[in-house]
Structure formats: structure tokens, C-alpha cells
There are 2 protein chains.
Amino acid sequence: MVTFVDVPLMRQWVGEHGAAALIRDLVPYLEADFRRWPEFDKVARVASHSPVGVIELMPIADAASYGFKYVNGHPGNPSRGLQTVTAFGMLADVASGYPVLLAEMTILTALRTASTSAMAARHLARPGSRVLGLIGAGSQAEFQILGMRDVVGIDTVRAWDTDPAALDKLERHADSLGVELVRARSAADAAEGADIITTCTADKAYATVLTDAMVAPGVHLNAIGGDCPGKTELDAALVRRSSVFVEYEPQTRVEGEIQQVAADHPVTELWRVLTGGAPGRESEADVTLFDSVGFALEDFTALRFLLDRVGGTAHAGSVDLIADPADPKDLFSLVAAPRVAWRLA
Amino acid sequence: MVTFVDVPLMRQWVGEHGAAALIRDLVPYLEADFRRWPEFDKVARVASHSPVGVIELMPIADAASYGFKYVNGHPGNPSRGLQTVTAFGMLADVASGYPVLLAEMTILTALRTASTSAMAARHLARPGSRVLGLIGAGSQAEFQILGMRDVVGIDTVRAWDTDPAALDKLERHADSLGVELVRARSAADAAEGADIITTCTADKAYATVLTDAMVAPGVHLNAIGGDCPGKTELDAALVRRSSVFVEYEPQTRVEGEIQQVAADHPVTELWRVLTGGAPGRESEADVTLFDSVGFALEDFTALRFLLDRVGGTAHAGSVDLIADPADPKDLFSLVAAPRVAWRLA
């Protein structure tokens, strides 16, 4: 039997602990795994593109565990009452190849994305950052705010979305968010006075939701919505002006904001900042850009965290996914017709 | 909710219809999909190798459906009471990215591998083939025999395995197999007089379970156990002597028997034989080799067949894998703490 966390169990678990606490507790797990980056067998995710979206598989392994996530991205889904991004994932045992954990990851991805953004901001934003400019108030918004609040110390959020209903939704959650929420009148207004600007929009297009002129010196940019070939959010001039930090360079060159600039534009993999192998922010006036596309390691870490927390508890169900005959070479015994009973003479 | 066929449901389904009938009925599905080969978005599978085995993801899509399989290969597993190969897989809707079907695929893979082998043999073996030499009597053996029996017309099987217990197991299933089963004394003895020789051994090594001298003119070789870099079964001289047919050339060059020969050694993709775009067997004396490594399309087809057959029946369960908030942009509502009730004045 494989441990299984389905949607109801995930909701119960997150509801019980609170999204904010889990986002915060996941950060040290992420930092630990990013610091041992060279130990992982890494590959750019495998994407299948269609005119309306993308479906991706994101595998990764260390010597003990293998993980992968299935995730889609369909910007037109909300207009049909469906979510832009849904996901599920798995951990398996490298020694046997047997799955260990199957889990819904739509909710878990929102947590890990918030934790990853917060982790990067803690290492790259100016100390004392208090104001977040949030451009895009979709599914990720509340999770992003909670991570930036508890991990970085943000207390004010200036939010903007082209869809007023998305801002209304954010306002409805104001009590749960514990920050001063400012309804901005434009993207430029959201960016005004921000220490950190998060862009999390969904259009599969070369969009410019943030121009160079909107960004003051010293800002940390957390660009998480540009994550596909042909899907970006930032002005190319803004990218060129920033110190760029990425998760896994070979993937981000194809999918990130940096697809807009030269293939040899200098970037630093974030793990090197965490290990002290590369500098992060170098001055108060630096614009730092975390060009985040989402990398398989973050999902692996989230699944590892989930299993540590729910394994053996009431939040862990199970599923019979692996056929397991008594004689491992006798798979046929599982489906063979029942034996004819001995006939009496 | 995602339709889910777990191990008990799969066993019930196969038990009710019989493995032989399902293997036979899957063949026209495979032929139909192989004939529309250019419609698929194909990629070599993504493998994660460890010293003891491999874990692979095998994605593929057409304009309507996306499918993938998770599968491992761990030759040392049976010595620990575990299976060499386990698998599960999924179909999803390309238009929305939402999963549609999740299924165990350890049993389903055995069916599809038998169907694929039988389909290839029907197109490549000499008409009237009746004797199968079977080298390797592990998990695949009975399924292979049933496919070759019902699709190709095999009535005699000469079986060999270095593990006598595997041959004992095969003998115990003799009543279910409906063929004359001959216990060979060696690989050469199994190959003696065979019209078709199937090699399905599991060692992750450059093994030579079949030498050139063992193979008579006119034989069709169905080589299914060499399916990893560094894992082959045939004498290189035998490969060079044969007309080689493969599933997806870019994958087979890396994983198949042809990794032993020159990178430009001529091969024919099997789908081209099915569409009439390339010749198959060209003479009675030809040795034809189906250098089969297993390709994602076969799993896609098997999942499509499964869904057609079990959808809406008692063999289809369901699983709550996709978080689905009423407002698609309000994922947070699924995990937010309950609202504080209005306080009375």
C-alpha cells in the first residue's frame, strides 16, 4: 500500500496547522535541500505544449528518494470554472523503485511556491523589507502574502489585478492574512514604495506587467508567473538592470524571464547564495530578481516535508497502487482464472 | 473526481475477462494508434538511473489526450520478494490539463507488452509460425505466451530460464496457457526449431542470452528484455544479421539491442510497416528482429483501452486528486481557517 494524501486529507492537514505555519516550517526543509544541490540528479522538466496550455512532469532524485510532480498550466481554465494549475505528485524509494507516497499537489504547490519565494526573498531582499507589491491576485496570492509575512516580515501589501473580482476575493481573506492590505489602482501603484514586488499572473504570452520605470532602486523582484516558453511578465530592460537569481539554469533559460535576454546573460543559481558560494545582494541599491519558474526539487522537498509530518497520522490515507504477488516472478497468479478444483473419482 | 483503477479492481477486471481476451482485444487499439503515429507528440522517456535500477517517466500526447506512465526496473528486486517492474499511469485531458484516469499499470503493462509483441510478430513473423522459444520465464512469460497463442497462432512453447523455480512456476500455469509446454535444457534448446524467439530476461548487463549460432534462418526475434543503456540480450552479430524493427528510434538507439551496433545501423520504425510505408519481412529466410524497449504510446493505448472498457462500470473507482474550489482563483478558500462568526453588539 502507498501512503496517499488526497484533497480532503490535505485540506484537513493544512486547515489544522494553518497555511502560514506550514509555509514557514517548509522553508528550513527547502534551505537544507538547496544547500545539498549537487547531490540531486536534476533534469529540466518535460513539457507537452498545446495551444491552450502545458502539461509537465518534473522528476528529481537523490541517492535515497525519487520524486516527481504532474502539473498543468492552462490560463483559460478559470473562465470555464477550472483552475489554471492543478498538480499531484509522488515519492518513491530509489532502492526498490516502489512508490512510497502519492499526494494531491494543487494545494501543496501553492505552499511550496510561497515557501520558495519567501526563502529567496529572505536571502535577497533588503533587511527590514516591509511593503510587498503584489501583481496578480489569483490562486497563489494569499499563500505568497503569508510566506512574505512570516518569513520576511512584510506587514503591508499593495495588490493589483486586472480582474477586480480577484482583488475582491483577496479582500474577503483579509482577516486571515494579518497584513495591511492596500487595493492598488494599477500595477505601477502596487509597485509604488514596495520593498519586494511579486508578479504572479497567468497569461501565456510575452506580457509586460512590470516596466523598468516602475521599479525603484533596492527592490527585490519575485517573478513567479513567467514560467513557460513565450510566457514572461517583466520588461526586458528591467531584467537587464537586475542581478538575476534562478533555480536551475538550464530550465530557466528556456522558461524564465531571461528567455528575453542574451543566452549568456549572467545569472546565479540560488543554491550557491545559500551555501555562500556566490554573492546575493551586493548593495542597498541593487535590484535583485528571483526569476522563479518552479523546479522539481521544491516539489520533492514539499513531498518529503508532507511525509515527515503526516506519515502515521490520521492525515495519511493509503491506496493499493502496486500489484504485489507472493512470488515476485508470478505476476500472472494475480489474474489467472481460479484453479479447477480436484475432481473426485 | 478522477477515475481510478487500483490493483483489486484491475485484478477483478482481468480475471473476469481473462488475460488472453484482453491481450487480443488490445491489439487492434495498438494497431490503430501506431497507424496514426505522426499525430503524437513523442519524446524519449526520462530515466533516472541508480546502481540498482531505473525509474522512468513515459509521457506522450495527441491533440485530445495526454498520458504518462511511471515505471521502475530493478533486477535485484525478486531476491527481496519484490517485483522487477512495477508501474502506474494516468490519462489527462489536453484541453484542461485535468487528470481523467489513474490506474495501476504493473498488470496493465504486462498485457500491453504481450499485445505489442504479438502485434509485431503478426506483421513480421512467417505466416504459419507455431513454435515459440521463450528465454526468460519471469513475470512477462505467461502473458507473452497468451498473446503469441491467440494473435499469432503459436501452439508450442519451448521455455528456458536460468532459474529452475521460474520454469516450475510456468509449469504450474500450464492449464491456463493452452499450449504444449516444453521444458528446454538450455537457451539453445529453447531456440531449437522455433519460429519465433522471445527473450525476456531482466539482468541489467550486456548479456548474451542468444547467440547468432542458435538462430535459424527465417526466425522472428522478439527481444523485449534489453531496454536500458547497458542492458542487452542478443549477440551483436545476431543484431547485425537481422532486419531490425523498433518502436521509436531515438529511444531505442539508447536503450535497445542496437546500442551494440553502429549509430547508423539501418532500422525501421514498426508503425511504417503497419501503414505500408516500409517493408516488413522480405523473404522466408530473413531473420526479423523486433528490438522492443517499450514506448509511451503503448501505455497510452492501454490506458485508453482500459478507460473505454471500465469507464462507468463497477471496475472503475474514483479518487479525489484535484483540488477544485468553487471560485477557481480562490484556492485559499480550501484551507483558510473558518470565518469568525459575527459578534453580537
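These numbers come from a predicted model, not from an experiment.

Caption draft 1: Main features of the overall build of chain A. Within chain A, the secondary structure is distributed over eleven helices and 17 strands. For chain A, the spread of C-alpha atoms along the three principal axes comes to 95 × 45 × 40 Å. Split into buried and exposed, the 345 residues of chain A put 61% on the buried side. In chain A, of all internal contacts separated by at least 6 residues, the share reaching a separation of at least 24 is 71%. Of the roughly 12,300 Å² of accessible surface on chain A, 52% is carried by carbon and sulfur atoms. Each charge sign in chain A was given a centre, from 30 positive and 45 negative side chains, and these centres are 1 Å apart.

Caption draft 2: Representation of the sheet that holds strand S6 (residues 99-104) of chain A within the structure. All names here are of chain A. Strand order in the open sheet formed by seven strands is S2-S3-S4-S5-S6-S1-S17, and the pairing between neighbours is mixed. Either end of the sheet is taken by a strand with one partner, and the two such strands are strand S2 (46-50) and strand S17 (317-319). Strand after strand, the sheet turns through a mean of 20 degrees between neighbouring axes, direction not considered. Across the sheet, helix H1 (residues 7-17) is in contact with strand S1 (2-5), S6 and S17; its angle to S1 comes to roughly 65 degrees. This element, helix H3 (residues 106-124), spans strand S3 (53-61), strand S4 (65-73), strand S5 (87-93) and S6 of the sheet and lies at about 90 degrees to S6.

Caption draft 3: View of the relation of the copies chain A and chain B. Superposing chain A onto chain B takes a rotation of 180 degrees combined with a translation of 0.0 Å along the rotation axis, leaving an RMSD of 0.0 Å. On the angle and the small slide along the axis, the relation comes out as a two-fold axis.

Caption draft 4: Main features of the packing of helix H3 (residues 106-124) of chain B against helix H4 (residues 141-152) of chain B. All names here are of chain B. H4 packs onto H3 with a crossing angle of 40 degrees between their chain directions and a minimal axis gap of 8 Å. Considered as vectors, H3 and H4 are oriented oblique to each other. Crossing angle aside, the handedness with which H3 passes H4 is right-handed. From H3, Ala-110, Leu-111, Thr-113, Ala-114, Ser-117, Ala-118, Ala-121 and Arg-122 reach across to H4, where they touch Phe-143, Gln-144, Gly-147, Met-148, Val-151 and Val-152. Residue composition of the contact of H3 with H4, by class: nine nonpolar, four polar and one charged.

Caption draft 5: Broad picture of the environment of Leu-132 of chain B. All names here are of chain B. With respect to the secondary-structure elements, Leu-132 resides in strand S7 (residues 131-135). Spatially, the C-alpha atom of Leu-132 lies 9.9 Å from that of Gln-144, the residues being twelve residues apart in sequence. In contact with Leu-132, other than residues within four places in its own chain, are Ile-145, Met-148, Ile-154, Thr-156, Val-157, Arg-158, Ala-194, Ile-196 and Thr-198.

Caption draft 6: Layout of the interface of chain A and chain B. At the junction of the two partners, chain A supplies 78 residues and chain B supplies 78 residues. Together chain A and chain B conceal approximately 6,600 Å² of surface at their shared face, both sides included; 65% is due to carbon and sulfur atoms. Between chain A and chain B we count two salt bridges in total. With a shortest N-O distance of 2.9 Å, Lys-329 of chain A and Asp-163 of chain B are connected by a salt bridge. Inspection of the chain A/chain B interface yields 31 residue pairs in polar contact (both at pLDDT 80 or more). Each residue belonging to the side of chain A that touches chain B can be placed in one class, and the counts come to 44 nonpolar, 18 polar and 16 charged.

Caption draft 7: Expanded view of the pairing of strand S5 (residues 87-93) of chain B. Residues and elements named next belong to chain B. Where burial is concerned, most of S5 is hidden: six out of the seven residues are buried. Bridge count between strand S4 (residues 65-73) and S5: seven bridges; the pairing is antiparallel. Pairing of Lys-69 across the sheet is with Gly-89, part of S5. By the bridge criterion, five bridges tie S5 to strand S6 (residues 99-104) in an arrangement that is antiparallel.

Caption draft 8: Region of the structure containing the domain arrangement of chain A. All names here are of chain A. Per the domain assignment, the segments making up chain A are domain 1 (2-107 + 298-324) and domain 2 (115-294). Every contact between the two is made by 27 residues of domain 1 and, on the other side, 29 residues of domain 2. For the pair domain 1 and domain 2, the summed buried surface comes to about 2,400 Å²; carbon and sulfur atoms form 65% of the total. There are two salt bridges connecting domain 1 and domain 2. In this structure, Glu-31 engages Arg-122 in a salt bridge whose closest nitrogen and oxygen atoms are separated by 3.0 Å. Taken together, domain 1 and domain 2 are joined by eight residue pairs in polar contact (both at pLDDT 80 or more). Mapped by element, the contributors of at least two residues to the side of domain 1 that touches domain 2 are helix H2 (19-35), S2 and S3. Per-element tally for the side of domain 1 that touches domain 2: the top contributor is H2, with eleven residues. The residue makeup of the side of domain 1 that touches domain 2, split by class, is 15 nonpolar, five polar and seven charged.

Conventions adopted
Residues numbered from 1 in each chain as written. Chains lettered and ligands numbered in written order. Predicted model: local features only at pLDDT ≥ 70, side-chain atom pairs only at ≥ 80, totals over all residues. Heavy atoms only, no water. Helix = DSSP H or I, 4+ residues; strand = E, 2+ residues; numbered from the N terminus. Buried < 20%, exposed > 50% of the residue type's maximum accessible area, 1.4 Å probe, protein only. Contact = heavy atoms within 4.5 Å. Areas by Shrake-Rupley, 256 points an atom, 1.4 Å probe, with all protein chains shown as cover. Lys, Arg positive; Asp, Glu negative; His and termini not counted. Charge placed at Lys NZ, Arg CZ, Asp CG, Glu CD. Pairing = 2+ DSSP bridges. Axes fitted to C-alpha atoms, helices over the stretch in contact; angles between N-to-C directions. Least-squares fit on C-alpha atoms with pLDDT ≥ 70 in both. Parallel < 35°, antiparallel > 145°, perpendicular 65-115°, else oblique. Left-handed = near helix turned anticlockwise from the far one by under 90°. Nonpolar A, V, L, I, M, F, W, Y, C, P; charged D, E, K, R; others polar. Buried area = accessible area lost by both parts, 1.4 Å probe. Salt bridge = Lys/Arg side-chain N within 4 Å of Asp/Glu carboxyl O. Polar contact = N/O pair within 3.5 Å; in protein donor to acceptor, adjacent residues only side chain to side chain. Domains from an automatic or database assignment.

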